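Report on the structure
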Amino acid sequence: MLTLNDHLNRLVKHTSNSRDEILLAMKTNYHELTDDFLIVWSLSQEADGQVMYVLFGSGDGLKSMKRLKEIARDNGCKRMYCVTQRPRGMERKLGFKPVGVLMVQEV
């Protein structure tokens, strides 16, 4: 069983976000912490319907995906979006498809 601290350490190691940014996302969005995973998400009404944005995920990917799909269906979401630094694994293991490339430039 992973603790919140364990999940935060993993996320900081594998994302470009700080611990404080992840905690802020948890406070200002939906999140669920179980014995198997931590997920953080938001819901948004877009022009073509309700969508889910998966902000952070740590732990058992298959179990967390099952739960995220339940939440998305319960909220009438048409799509689920996420950003990852590991797109091949997300495609192969969880069934996501790339739709573009997120790029960043410091100002």
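Below is a summary of the structure that appears in this document. (Residues numbered from 1 in each chain as written. Predicted model: local features only at pLDDT ≥ 70, side-chain atom pairs only at ≥ 80, totals over all residues. Heavy atoms only, no water.)

Description of the overall build of the chain
Definition in use: To qualify as a helix, a DSSP run of H or I must reach at least 4 residues; to qualify as a strand, a run of E must reach at least 2; elements of each kind are numbered from the N terminus. Using C-alpha atoms as the atom set, the radius of gyration is obtained and then compared with a globule rule of 2.2 Å times the number of residues to the power 0.38. Accessibility here uses a 1.4 Å probe with only protein chains present; expressed as a share of the type maximum, an area under 20% marks a residue as buried, one over 50% as exposed, and anything in between as partly exposed. Residue contacts are defined here by distance: any two heavy atoms, one from each residue, within 4.5 Å place the two residues in contact. Areas reported here follow the Shrake-Rupley algorithm with a probe of radius 1.4 Å; residue values treat only the protein chains shown as occluding. Positive charge is attributed to Lys and Arg, negative charge to Asp and Glu, and no charge count is given to His or to the chain ends. In this description, the location of a charge corresponds to atom NZ of lysine, CZ of arginine, CG of aspartate or CD of glutamate.
A count of helical and extended segments in the chain gives 4 helices and 4 strands. The C-alpha radius of gyration of the chain comes to 14 Å, within 12% of the 13 Å expected for a compact globule of 107 residues. Each of the three principal axes of the chain carries a C-alpha extent, and together these read 40 × 35 × 30 Å. Looking at the 107 residues of the chain, the share that counts as buried comes to 29%. Across the chain, contacts joining residues at least 24 apart in sequence account for 47% of those joining residues at least 6 apart. Carbon and sulfur atoms make up 51% of the accessible area of the chain, which amounts to about 7800 Å² in all. Here the chain contributes 16 positively and 13 negatively charged side chains, and the mean placements of these two sets differ by 6 Å.

Describing the pattern of salt bridges
What counts, and what does not: A pair is scored as a salt bridge if a Lys or Arg side-chain nitrogen falls within 4 Å of a carboxyl oxygen belonging to Asp or Glu.
Tallying each qualifying case throughout the model produces 4 salt bridges. Across the pair lysine 63 and aspartate 36 runs a salt bridge, and its minimum N-O distance is 3.6 Å. One end of the pair, lysine 63, is in helix α3 (residues 61-74); the other, aspartate 36, is in the loop between β1 (30-33) and β2 (37-46), with 27 residues separating them in the sequence. Residues arginine 79 and aspartate 48 are paired through a salt bridge, measuring 2.3 Å at the closest nitrogen-oxygen approach. Within this pair, whereas arginine 79 is found in strand β4 (residues 77-82), its partner aspartate 48 is found in the loop between β2 and β3 (49-59), the two being separated by 31 residues in sequence.

The values are spatial; any link to function lies outside them.
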